[in-house]
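Structural description and commentary
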Amino acid sequence: MSVCHHRGVDYLLDQAPGAPIRSGIPEHGRIPKYYAVKAHVSLLIEELGEGGMLPTERDLAVRYEVSRETVRQALRELLLEGRLARQGRGTVVAGPKLEQPLSLASYTEGVRRQGRTPGRHLIGLEKFPCPTALAAETGVEQGEPVWHLERVLLADDDRVGLESTYVSVARVPDLDTEFDPDSSFYAYLRDRLGIAFGDADERIETVLATPREALLIGTPPALPMLLLHRISRDASGRPLERVRTLFRGDRFSFTAHLGARG
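Basis of the calculations
- Throughout this document, residue positions are counted from 1 along each chain, in the order its sequence is written.
- Only residues with pLDDT of at least 70 get local features here, since the model is predicted, and only at 80 or more are side-chain atom pairs given and counted; chain-wide, interface and lining totals rely on the full set of residues.
- Neither water nor hydrogens contribute to the side-chain values; these are computed over all heavy atoms in the structure.
- The pairing test for Phe, Tyr and Trp rings, Trp by its six-membered ring, is centres within 6.5 Å, and the orientation test on the planes gives stacked under 30 degrees, edge-to-face over 60, and tilted for anything in between.
- When a residue's accessible area, from a 1.4 Å probe over protein chains only, is under 20% of the maximum for its type it is buried; when over 50% it is exposed; and in between it is partly exposed.
- Per the convention used, a helix needs a DSSP run of H or I reaching at least four residues, while a strand needs a run of E reaching at least two, with both numbered from the N terminus.
- A cavity, in this analysis, means grid points on a 1 Å lattice covering only the protein atoms where a 1.4 Å probe fits yet has no way out; a pocket is instead an open set bounded by protein on both sides within 12 Å along at least five of seven lines, and a residue lines either one if it has an atom within 4 Å of a point.
- Grid points are joined across faces, edges and corners, and a volume is the space filled by probe spheres set on the points.
- Gly is placed with the polar residues, together with every amino acid not listed as nonpolar (Ala, Val, Leu, Ile, Met, Phe, Trp, Tyr, Cys and Pro) or charged (Asp, Glu, Lys and Arg).
- Axes here mean lines fitted to C-alpha atoms, for a helix over just the part in contact, with angles spanning 0 to 180 degrees between N-to-C directions.
- Here is the rule for angles: anything less than 35 degrees is roughly parallel, anything more than 145 is roughly antiparallel, 65 through 115 is roughly perpendicular, and the remaining ranges are oblique.
- Left-handed describes a crossing in which the near helix is turned anticlockwise from the far one by less than a right angle; the clockwise case is right-handed.
- By definition in these notes, contact holds between two residues if any of their heavy atoms fall within 4.5 Å.
- Distance and chemistry together define a polar contact, namely a pair of N or O atoms within 3.5 Å, with one atom able to donate a hydrogen and the other to accept it when in protein, and with adjacent residues in sequence counting only for side-chain atoms on both sides.
- Among the buried residues, those of types Ala, Val, Leu, Ile, Met, Phe, Trp, Tyr and Cys that are joined through side-chain atoms within 4.5 Å form a nonpolar core.
- Throughout this description, the term salt bridge denotes a Lys or Arg side-chain nitrogen within 4 Å of a carboxyl oxygen of Asp or Glu.
- The span you would expect from a helix comes to 1.5 Å times its residue count less one.

Moving on, we get to the packing of aromatic side chains. Tallied over the entire structure, the rule returns six aromatic pairs. Consider the rings of Phe179 and Phe185, whose centres lie 5.8 Å apart with planes at 80°: the pair is edge-to-face. For Phe179, a relative accessible area of 8% gives the class buried. Judged by its relative accessible area of 3%, Phe185 is buried. Geometrically, the ring pair formed by Phe185 and Tyr188 is stacked, given 6.5 Å between the ring centres and 25° between the ring planes. Here Tyr188 and Phe185 lie together in helix 7 (residues 185-192), a separation of three residues that amounts to about one turn.

Below you can see the structure in the form of structure tokens.
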């Protein structure tokens, strides 16, 4: 392990660019026991590789000479970060996070690019009179009918998110009879209705799922979620859809390409 000493601080020369400086160790050099265990388990994760089974909490506590509660706290953080996953009564090394591009590409396209199989499970499709706040975002008058399409997002049959799409019934009148809810909504608009997307506004925040959302996605209520709000417009600039999507914080990261502005 190569080390560079600069202004009283040691830096690992082989440390990944995205890792915390000095691996997160405070300048005073004192770290909590659980964090030391977390660092050891992180090395063990690299050795085991994806799908590798982690030793039991008791075995880890003996190995690192700490209490089981200290081990439990370290594992809890690694689970929340998506580096570990529960499998039955054991814990295994998780695979890499899904990278979802911040673009007008659909969820389906983003997952396929990573060699995973996308899917969706229909929770419900209903129409209702558009409320005032939603009317401004979908370009319809208050009280006009809008569709609400709610689906669980899948990646290789694993539940990874929950998506709610709102769109004017006038724009897509036959959504309930023509559209396959397991398929891409964007592909349906483009290929079946000839509607081309123009641009969109997106906002991302971190939230905790409601009890209902956690049950549908199959996660603990305390697991952090990435919530994406999107308002899309067609090529002529008309509002087209309003989407609210919850992504598992331990299974997703977002990417974007930024260009210089003149």
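Next, the rest of the story.
Time to look at the layout of surface pockets. A probe as big as a water molecule, rolled over the atoms, marks out the empty space that is left. In this structure, the second largest pocket spans a volume of roughly 730 Å³. For the lining of the second largest pocket, the secondary structure elements donating two or more residues are helix 3 (68-80), strand 3 (84-87), strand 4 (90-93) and strand 8 (158-168). Of the residues forming the lining of the second largest pocket, the biggest block, four residues, is contributed by strand 3. Within the lining of the second largest pocket, the residues separate by chemical class into 13 nonpolar, six polar and nine charged.

Packing of helix 1 (residues 33-48) against helix 2 (residues 57-64) brings their axes to within 11 Å, and their N-to-C directions diverge by 110°. When the interaxial angle is binned, helix 1 and helix 2 end up roughly perpendicular. Between helix 1 and helix 2 the crossing geometry is right-handed. Touching Val37, His40, Val41 and Leu44 of helix 1 are Leu60, Arg63 and Tyr64, all from helix 2. A breakdown of the residues in the contact of helix 1 with helix 2 according to their chemical character gives five nonpolar, one polar and one charged.

The next thing to look at is the packing of helix 1 against helix 3. Two quantities define a packed helix pair, namely the angle between the helix axes and the distance between the axes. Running from amino to carboxyl end, helix 1 crosses helix 3 at an angle of 60°, the nearest separation of the two axes being 8 Å. Our classification of the angle between helix 1 and helix 3 gives oblique. Crossing hand, helix 1 versus helix 3: right-handed. Contact with helix 1, carried on its side by Lys33, Tyr34, Val37, Lys38, Val41, Ser42 and Ile45, involves Thr70, Val71, Gln73, Ala74, Leu75, Glu77 and Leu78 of helix 3 and no other residues of that element.

Here we take up the environment of Thr165. By secondary structure assignment, the location of Thr165 is in strand 8. Note on Thr165: relative accessible area 3%, which makes it buried. In this structure, the C-alpha to C-alpha distance between Thr165 and Arg244, residues 79 residues apart in sequence, is 6.6 Å. Apart from the residues lying within four places of it in its own chain, the contact partners of Thr165 are Trp147, His148, Leu149, Phe185, Glu241, Arg242 and Val243.

This part takes up the side chain of Ser42. Assignment of secondary structure puts Ser42 in helix 1. Using a relative accessible area of 12% as the deciding quantity, one classes Ser42 as buried. A distance of 3.0 Å separates polar atoms of two side chains, one belonging to Ser42 and the other to Arg83. Setting aside residues up to four positions removed in sequence, Ser42 forms contacts with Leu78 and Arg83.

Quick look at the nonpolar core now. Within the largest apolar cluster, 16 residues are counted, with the highest numbers of intra-cluster contacts made by Val41 and Leu84. The element contributing the most residues to this core is helix 3, with five residues. Sequence-distant contacts of Val41, defined by excluding residues within four places in its chain, comprise Leu54, Tyr64, Leu75 and Leu78.

As a further point, take the pattern of salt bridges. According to the stated counting rule, one finds 19 salt bridges in the structure shown. A salt bridge links Glu163 to Arg120, with the nearest nitrogen and oxygen atoms 3.7 Å apart. Residue Glu163 is found in strand 8, and its partner Arg120 is found in strand 6 (residues 118-129); the two are separated by 43 residues along the sequence. Judged by its relative accessible area of 10%, Glu163 falls in the buried class. Note that Asp250 and Arg248 form a salt bridge whose closest N and O atoms lie 2.7 Å from each other. Each member of the pair Asp250 and Arg248 is classed as buried. Salt bridges sharing common partners tie together Glu57, Arg68, Glu69, Arg72 and Arg76.

Further remarks concern helix 3. Relative to the 18 Å expected for 13 residues at 1.5 Å per residue, helix 3 spans 18 Å between its end C-alpha atoms, a close match to the ideal helical length. Every buried residue belonging to helix 3 is among Thr70, Val71, Ala74, Leu75, Leu78 and Leu79, and all of these are buried. On its buried face, helix 3 sits against helix 1, helix 2, strand 3 and strand 4. One or two steps after helix 3, the chain reaches Gly82, where phi turns positive at roughly 85°.

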